Amino acid sequence: MNPAPNLVLVGPMGSGKSSIGRRLAERFGLAFLDADREIEAQAGASIATIFECAGEADFRAREQVVLAGLLAGEGAVIATGGGAVLDARTRSLLRERGFVVHLHVDVPQQLVRMARDRSRPLLASEDREQVLRRLAEVRDPLYAEIADLRFDTAAMSAVDTAVKLGHLLDARWQLATPATGTHP
Ligand code: S3P
């Protein structure tokens, strides 16, 4: 049993972090926080607009600040963006402040799930498959580095994944309250 003050979902685009996170939050009676939505709220602009007007580096800086803020709290299920793990400070904070679940999905399945998606700037390319493979090459080791649990979502629906993952988490993760804190 691994106590941590938050449950955090990491993994590539299309792995279901938001839809599964929302369901897990409901199951555990916790707040659900979506880092991408929080970045948009704070910027007053969509992620696509931030990328277009200010560039990816600006988006990454905002992502780091927003996640540091969300992770300072406790008792939440937090969905991160696929590239959040690129930042070393964020990786340390995720490990310190969360039980980290890596939701895995392979590239062919990502392509199916996001076939109609036009909201993700990194997918605005002719060759989505190549982009996703390149991202996976860089990021998979980073997800693995910080994950307490890896879960393959394969062809499972968000509902089924949340149910299975919920059962696994019952045995693996305990919400750390100040009394049971991770830093005695
Ligand atoms: C990104 C993933 C997106 C979003 C942004 C960049 C990435 O989040 O943060 O478009 O670098 O993989 P999702 O993983 O929720 O799609």
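All values reported here derive from a predicted model rather than from experimental measurement.

## Examining the overall build of the protein chain
The secondary structure content of the protein chain amounts to eight helices and seven strands. Computed over its C-alpha atoms, the radius of gyration of the protein chain comes to 16 Å, within 12% of the 16 Å expected for a compact globule of 184 residues. When burial is assessed residue by residue, the protein chain has 43% of its 184 residues classed as buried. Sequence separation of 24 or more characterises 74% of the internal contacts of the protein chain that already satisfy a separation of 6 or more. Mean positive and mean negative side-chain charge positions of the protein chain (22 and 24 charges, respectively) differ by 2 Å.

## Quick notes on the side chain of K17
Its place among the elements puts K17 in helix 1 (residues 17-28). For the buried K17, no salt bridge is present, and the opposite-charge side chain at shortest range is D36, 6.5 Å distant. In this structure the side chain of K17 is engaged in a polar contact, spanning 2.9 Å, whose partner is the backbone oxygen of G11. Contact partners of K17, with chain neighbours within four places excluded, come to L9, V10, G11, P12, F32, A79, T80, G81, G82 and L103.

## Regarding helix 2 (residues 35-43)
Considered for burial, the residues of helix 2 that qualify are A35, D36 and I39. Viewed along the axis of helix 2, the buried residues span an arc of 105°, placing them on a single side of the element. Considering only its buried residues, helix 2 is in contact with strand 3 (31-34), helix 3 (47-54), helix 4 (56-72) and strand 4 (76-79). Regarding helix 2, its N-cap is D34, as a side-chain oxygen of that residue lies 3.1 Å from the backbone nitrogen of D36 further along.

## Re empty space enclosed by the protein
The gaps of empty space that remain are located by a probe, the size of a water molecule, rolled over the atoms. Within the structure shown, the criterion is met by one cavity of 30 Å³ or more. Of the voids in this model, the largest cavity is the one considered here, and its volume is about 60 Å³. Looking at the largest cavity, the residues that line it are P12, M13, Q110, L132, L135, A136, R139 and Y143. At five residues, helix 7 (residues 128-146) tops the list of elements feeding residues into the lining of the largest cavity. Here the lining of the largest cavity is built from residues that sort into six nonpolar, one polar and one charged.

## Considerations on the packing of aromatic side chains
The relative placement of two aromatic rings is captured by the distance of their centres and the angle of their planes. Applying the stated criterion across every chain yields a total of two aromatic pairs. Judged by centre distance (5.4 Å) and plane angle (85°), the ring pair of F28 and W173 falls under edge-to-face. Residue F28 is located in helix 1, and its partner W173 is located in strand 7 (residues 173-175); the two are separated by 145 residues in the primary sequence. When its relative accessible area of 23% is taken as the criterion, F28 is described as partly exposed. On the numbers, 5.0 Å between centres and 40° between planes, the contact of F51 with F59 is tilted.

## Some words on the site of the ligand
Of all residues adjacent to the ligand, which total 13 residues, the nearest are K17, D36, R60, R120 and R139. Taking K17, its side chain carries an N or O atom lying 2.7 Å from an oxygen atom of the ligand. R120 places a polar side-chain atom, nitrogen or oxygen, 2.6 Å from an oxygen atom of the ligand. When isolated, the ligand has an accessible area of 390 Å², and the protein chains bury 95% of it. Taking a 2 Å distance to the grid points as the criterion, the majority of the atoms of the ligand fall inside the largest pocket. Considering only residue class, the shell around the ligand consists of five nonpolar, three polar and five charged.

## Overview of the sheet that holds strand 4
Pairing between the strands of a sheet comes from backbone hydrogen bonds, and it takes one of two forms, parallel or antiparallel. With respect to topology, five strands assemble into an open sheet ordered 3-4-2-5-6, the strand pairing being parallel. With partners counted over all chains shown, the strands left at the sheet margins are strand 3 and strand 6 (149-152), one partner each. Taking each pair of neighbouring strands and ignoring which way they run, the sheet shows an average axis angle of 20°. In this sheet, strand 5 (residues 99-104) lies alongside strand 2 (residues 6-10) in parallel orientation, the contact comprising four bridges. Counterpart to V10 in the pairing with strand 5 is H102. The strands touched by helix 1 within the sheet are strand 2, strand 3, strand 4 and strand 5, with strand 3 carrying the most contacts at an inclination of about 165°. Packed onto the sheet, helix 2 meets strand 3 and strand 4 and runs at close to 65° relative to strand 3.

What counts as what
- Residues numbered from 1 in each chain as written.
- Predicted model: local features only at pLDDT ≥ 70, side-chain atom pairs only at ≥ 80, totals over all residues.
- Heavy atoms only, no water.
- Helix = DSSP H or I, 4+ residues; strand = E, 2+ residues; numbered from the N terminus.
- Rg over C-alpha atoms; globule rule 2.2 N^0.38 Å.
- Buried < 20%, exposed > 50% of the residue type's maximum accessible area, 1.4 Å probe, protein only.
- Contact = heavy atoms within 4.5 Å.
- Lys, Arg positive; Asp, Glu negative; His and termini not counted.
- Charge placed at Lys NZ, Arg CZ, Asp CG, Glu CD.
- Salt bridge = Lys/Arg side-chain N within 4 Å of Asp/Glu carboxyl O.
- Polar contact = N/O pair within 3.5 Å; in protein donor to acceptor, adjacent residues only side chain to side chain.
- Arc of directions from axis to C-beta.
- 1 Å grid on protein atoms, 1.4 Å probe; cavity = no way out; pocket = protein on both sides within 12 Å on 5 of 7 lines; lining within 4 Å.
- Points joined across faces, edges and corners; volume = space filled by probe spheres on them.
- Nonpolar A, V, L, I, M, F, W, Y, C, P; charged D, E, K, R; others polar.
- Phe/Tyr/Trp six-rings, centres within 6.5 Å; stacked < 30°, edge-to-face > 60°.
- Near = heavy atom within 4 Å.
- Areas by Shrake-Rupley, 256 points an atom, 1.4 Å probe, with all protein chains shown as cover.
- Sits in = over half its atoms within 2 Å of the grid points.
- Pairing = 2+ DSSP bridges.
- Axes fitted to C-alpha atoms, helices over the stretch in contact; angles between N-to-C directions.

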